[in-house]
Amino acid sequence: MNIAVRWLVAVVGSVGAFLVVAVPWSVLSDGGDDPWDVIGPVAGVVAAGVLAALGWWASQASGAGSRRVRQSARGGGRIKQTGGGHGTGAGVTGGSVREDVRQKARSDGDGDIDQVGGDRA
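Residues numbered from 1 in each chain as written. Predicted model: local features only at pLDDT ≥ 70, side-chain atom pairs only at ≥ 80, totals over all residues. Heavy atoms only, no water.

J.: How should I be thinking about the overall build of the protein in this particular structure?
T.: When its secondary structure is counted, the protein shows two helices and four strands. With 121 residues in all, the protein has 17% of them scored as buried. Contacts in the protein between residues far apart in sequence, at least 24 positions, make up 76% of those at least 6 positions apart. (Helix = DSSP H or I, 4+ residues; strand = E, 2+ residues; numbered from the N terminus. Buried < 20%, exposed > 50% of the residue type's maximum accessible area, 1.4 Å probe, protein only. Contact = heavy atoms within 4.5 Å.)

J.: Got a minute to help me understand the packing of helix α1 (residues 3–28) against helix α2 (residues 36–59) in this structure?
T.: Axes are the key here: two packed helices are described by the angle between their axes and the distance separating the axes. Packing of α1 against α2 brings their axes to within 8 Å, and their N-to-C directions diverge by 160°. Viewed along their axes, α1 and α2 adopt a mutual orientation that is roughly antiparallel. The handedness of the crossing between α1 and α2 comes out as right-handed. Here the contact of α1 with α2 is built from residues that sort into 22 nonpolar, seven polar and one charged. (Axes fitted to C-alpha atoms, helices over the stretch in contact; angles between N-to-C directions. Parallel < 35°, antiparallel > 145°, perpendicular 65-115°, else oblique. Left-handed = near helix turned anticlockwise from the far one by under 90°. Nonpolar A, V, L, I, M, F, W, Y, C, P; charged D, E, K, R; others polar.)

J.: Would you take a moment to explain α2 for this structure?
T.: Side chains that are three or four residues apart share a direction in an α-helix, a result of its 3.6 residues per turn. With 24 residues, α2 extends 32 Å between its outermost C-alpha atoms, agreeing within 8% with the 34 Å of an ideal straight helix rising 1.5 Å per residue. Buried within α2 are the following residues: Ile39, Gly40, Ala43, Ala47, Gly55 and Ala58. Contacts from the buried residues of α2 go to α1. (Expected span 1.5 Å × (residues − 1).)

J.: Where do I start with the environment of Gly16 in this structure?
T.: As for its placement among the helices and strands, Gly16 is situated in helix α1. A residue is classified by how much of its surface remains accessible, and Gly16, at 29% relative accessible area, is partly exposed. Along the backbone, Gly16 and Val50 are 34 residues apart, and their C-alpha atoms lie at a distance of 9.3 Å.

J.: Help me understand a nonpolar patch on the surface in this model?
T.: A surface patch of nonpolar side chains, about 640 Å² in accessible area, is lined by Val11, Val15, Leu19, Val23, Val27, Leu28 and Leu51. No other element matches the six residues that α1 contributes to the nonpolar patch. Its location among the elements puts Val11 in helix α1. Since its relative accessible area comes to 44%, Val11 is described here as partly exposed. (Patch = residues over 30% accessible without salt bridge, like charges linked within 9 Å, V, L, I, M, F, W, Y side chains within 5 Å. Areas by Shrake-Rupley, 256 points an atom, 1.4 Å probe, with all protein chains shown as cover. Salt bridge = Lys/Arg side-chain N within 4 Å of Asp/Glu carboxyl O.)

J.: Please clarify how the environment of Ile3 should be interpreted in this entry.
T.: Residue position: Ile3 is located in helix α1. Put simply, Ile3 and Ser59 are 56 residues apart on the chain and 7.5 Å apart in space, counted from C-alpha to C-alpha.

J.: Would you mind showing me how to read the side chain of Ser14 here?
T.: Topologically, Ser14 is positioned in helix α1. On the basis of relative accessibility, which here comes to 10%, the residue Ser14 falls in the buried class. One polar contact links the side chain of Ser14 to the main-chain carbonyl oxygen of Ala47, over a distance of 2.9 Å. Sequence-distant contacts of Ser14, that is, excluding residues within four places in its chain, are made with Ala47, Val50 and Leu51. (Polar contact = N/O pair within 3.5 Å; in protein donor to acceptor, adjacent residues only side chain to side chain.)

J.: It is not clear to me how α1 should be interpreted in this structure. Could you clarify?
T.: With 26 residues, α1 should reach 38 Å at 1.5 Å per residue; the first-to-last C-alpha distance of 38 Å fits that figure. Those residues of α1 lying buried are Arg6, Ala10, Ser14, Ala17 and Ala22. Of the surrounding secondary structure, the elements contacted by the buried residues of α1 are α2.

So this is what it looks like as structure tokens:
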């Protein structure tokens, strides 16, 4: 689901929560405008809680995705493996980070193995 749609759902859900609390309470209460001194803040707190929960859900699509790196290597020489971001500025900024890197290496001789999984700057 697109991040804009998620945030739209969060805002609409928050407004809906306000209305679910405020409208029945105002219809069932007697006394003119005075109940809104209580109804407004209570419904606002409920709406803020719903917005916080749905806002957290909406922010999960902002690029804080999953990244899994699996590496295995066998050899008679030197083995050097780097998984994930290495160095300054490595990684994707502002984009979705859904990566699943799998690497295998085998050396029958004495050759060196150098594996890099993910970004390297």
